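Structural characterization, general
For reference, the chains in residue letters:
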Amino acid sequence: MPAYNVEQVRKDFPILDIETRPGVKLVYMDSTATAQKPLAVIEAMNEYYRYTNGNIHRGVHYLAEKATAQYEEARARIAQFIGAEKPREIIYTRNTTESINLVAQTWGRAFLKKGDLVILTEMEHHSNLVPWQMLAQEKDLRLEFIPVTDEGDLDLAEYERLLNEHPKLVAFAHMSNVLGTINPAKEIIAKAKSAGAVTLVDGAQSVPHFKVSVKDLDADFLAFSAHKMVGPTGIGALYGKEELLSAMPPYMGGGDMIKKVHLRSFTPNELPWKYEAGTPAIAEAIGFGAAVDYLSKLGMDAVAEHEQNLTKKAVEKIKNVPGLTIMGEKAAHRGGVISFMLPGIHPHDVAQILDQYGIAVRAGHHCAMPLHEKYSIPASSRASLYLYNTEEEVDHLVATLYKVLEMFA
Amino acid sequence: MDDLYREVIIEHYKNPGYRGSLDPHDITFEDENPLCGDHIKIDLRVDENGKITEAAFDGHGCAISQASADLLLESIIGKNIEDIKHLSRNDVLDLLGIELGPVRLKCALLPLKILKAGVYGLGEATDDLVEEE
C-alpha cells in the first residue's frame, strides 16, 4: 500500500487553497468544530440538485426513484462504515446532538423512571449532558459522572464503584473534543453490560478520526455527525441495535414515519423510517454517503496513523512555547485535539492574532464548560488536526505563537 | 497585520489607568460574557450635579474587553451621567479605533453595556443597551 500522501489529499479540498487576506494562506486547524469538504462531497450534492432532485419514498416518477435509491444507498454505506450489520439500524438525524436527544426523548422517556441512575462523564460535550439533565428534571433521575483525572483520563476505578449502584444507562464521549483523550470504549461498554446498563457512545470526535465498529464495541447506541467527517452540515446519524430501536416509541410525528394514519390514531412505520418524520435532508444524506466513500478510499487506519504521527510532533513542538500548558497532554491515548493556554493572554486574543496569520483555531470553552470549570480556567485555545494538516502548518502555528508572546511581552 | 491589536489596545490592556474599585461608590454594576468568560465590574462616583468624578473597573478577560473598559472610563470622567445614556456602540468603536466581527464586538461592548445598565439602574445588562441606532 502506498504511503499516505497528505499533499495529494490536500488537492481534494478546494478551500485549502484560499487566502484569508491578501498573501495569507489559510491554515485550517478547527476540524473538531467542523471539517472541510472534499470536491467529491460537494459534487455529489451538486449533482443531486442538478440531475436527480425529487422527494423520497413517495412519487413513482424517475426523479423520486433516483432520489430514494441514492438516499438509501448512502444509508447502507454509512452502516457499513461503522460496522453495523443492517442499514435499518442507521437513523438519519440532523447531527450528533439530535441523535442523543432522540435517545433521551424516546428510549429514555419510555424506559427510565424515577430514581434511575444514568452515568455520564466529566468530559462530556454539552450535547451529551443537557439532554440528560432535561430528562432527569422531568423524570427525577439520578446523574453521576465518571471523574477526569489530572492527566485527562477517565477515573475507571470510580466508574467501577458507580457500576455497583445499578445504572440503567452509561453514556460517554468516545473522544474528548477538548482534551483529545480517546476513552477505552470497549472496556467501558463491557463493564456497563455486566452491570446491566444500556450504552450510548458519543462518536462525534471518534468516527471521523479512526476506525469505529459498533460490532466490535458492542455499543447499543452510537451518535455522530457528517460535518465533522468531511460531509455536509445538517445531517448526522444514530446507530441503534435493532431490538432497542424496535422497542422505542417514535420521536417526531409527521409524514414518512407512519405506516397508516387515521383521524385519531396512527401506526408507526418500520425501521429506520419510524424515526424520520418529514422530508429529510436528502442532498445532505447523499453528501454523507460521499464523505464515507471518501474516507473509506483513504482508509481509516491510514487517516488515524497520519493524525497520530502529526499530533505527537505537534504536542512536542507546541508545549515548548514558554509558559504554555496543554489540557490533557498526558492522557494515555489521545487524538489530534490540542487545547492550550498561554499565561496572561486570553484565548480569544490568541485565536484572533493567529487568524491574522491565516490560522483558524477555536477559542472558548468548546461546549464543555464543566470540564473547564474542573480545571479552573474560563476558556482555552484549541488547535485540532485532521487528515489534511501538515507538519509545515504545525510549524507555522508554533512560530506564530511566539509572535503572540512577543506582542504581549 | 495586527491591526486589531493596535498599540493603544495592548497598552491599555497591560497598563490600565482605571483598574481597581471605588468604595464607597454611587453606582456599581457587573456582568460577564459567558461565551468567553470576560467579567467586568464598574464603579462610579458622581457629584451632586450628576457629574462623574471618579471611575474604576475590575475583572478579567481578553485584551479587547479590558482595553475597551479602560478607554471608556477615561472618556467619561467629568461627563454628566445623563450623557452616558447617549453613548453608542460607535463611540466605543471610535475609542478603540478598530473594526470588529460579531464575536469580538460582544467583548468590546461589554463595558458600555455594564456602564449603561448601572446608570439606568437596571436589574440586568441587556444587548439592546448597545444596539445599533
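So, how was this worked out
Residues numbered from 1 in each chain as written. Chains lettered and ligands numbered in written order. Predicted model: local features only at pLDDT ≥ 70, side-chain atom pairs only at ≥ 80, totals over all residues. Helix = DSSP H or I, 4+ residues; strand = E, 2+ residues; numbered from the N terminus. Contact = placed C-beta atoms within 7 Å. Pairing = 2+ DSSP bridges. Core = buried A, V, L, I, M, F, W, Y, C linked by C-beta atoms within 7 Å. Buried ≥ 20, exposed ≤ 12 C-beta atoms within 10 Å, placed from the backbone. Domains from an automatic or database assignment. Right-handed = clockwise from strand over helix to strand, strands pointing away.

1. Considering the environment of A:Arg142
Residue and element names in this part refer to chain A.
- Relative to the helices and strands, Arg142 resides in strand E6 (residues 142–146).
- Separated by 27 residues in the primary sequence, Arg142 and Gly115 have C-alpha atoms spaced 5.8 Å apart.
- Setting aside its immediate chain neighbours within four residues, Arg142 contacts Gly115, Asp116 and Leu117.

2. Some details on the sheet that holds strand E14 (residues 337–341) of chain A
Residues and elements named next belong to chain A.
- With respect to topology, 4 strands assemble into an open sheet ordered E13-E14-E17-E16, the strand pairing being antiparallel. Each of the sheet's edge strands pairs with one partner strand only, and the pair in question is strand E13 (325–326) and strand E16 (362–364).
- Taken together, the 3 bridges between E16 and strand E17 (residues 380–384) define a ladder with antiparallel strand orientation. Residue pairing for E17: Ala363 is matched across the bridge by Ser381.

3. Quick notes on the nonpolar core
All names here are of chain A.
- One finds Ile82, Ile286 and Ala291 to be the most contacted residues of the largest nonpolar core, which totals 160 residues.
- In terms of residue count, helix H10 (residues 282–298) provides more of this core than any other element does, 10 residues in total.
- In terms of domain composition, this core takes at least three residues from each of domain 1 (6–30 + 300–408) and domain 2 (42–297).
- Not counting chain neighbours up to four residues away, the residues in contact with Ala291 comprise Val41, Ala226, Met229, Val230 and Gly231.

4. Describing the pairing of strand E7 (residues 169–173) of chain A
Residue and element names in this part refer to chain A.
- Taken across its 5 residues, E7 has 5 buried, putting it largely inside the fold.
- Where strand E5 (residues 117–121) meets E7, 2 bridges bridge the pair, whose relative direction is parallel. When the bridges of E7 are listed, Ile119 appears paired with Val170.
- Sheet analysis places E7 next to strand E8 (residues 198–202), joined by 5 bridges and oriented parallel. Across the sheet, residue Ala173 finds its bridge partner in E8, namely Asp202.
- The handedness of the E7 to E8 crossover, carried by helix H7 (residues 185–194), is right-handed.

5. With respect to the pairing of E5(A)
All names here are of chain A.
- Of all 5 residues that make up E5, 4 are buried, and the element is covered over most of its length.
- Bridging between E5 and E6 involves 5 bridges; their strand directions are parallel. For Thr121, the partnering residue across the bridge sits in E6 and is Ile146.
- With helix H5 (residues 130–139) bridging E5 and its parallel neighbour E6, the resulting β-α-β unit is right-handed.

6. Considerations on the domain arrangement of chain A
All names here are of chain A.
- According to the domain assignment, chain A contains domain 1 (6–30 + 300–408) and domain 2 (42–297).
- Each of domain 1 and domain 2 has a C-alpha centre, and the two are 28 Å apart.
- On the domain 2 side, the residues contacting the 24 residues of domain 1 number 21 residues.
- When residues of the side of domain 1 that touches domain 2 are traced back to their parent elements, those giving at least two are helix H11 (300–319), E14 and helix H13 (369–374).
- Here the side of domain 1 that touches domain 2 gets 5 residues from one element, more than from any other, and that element is H11.

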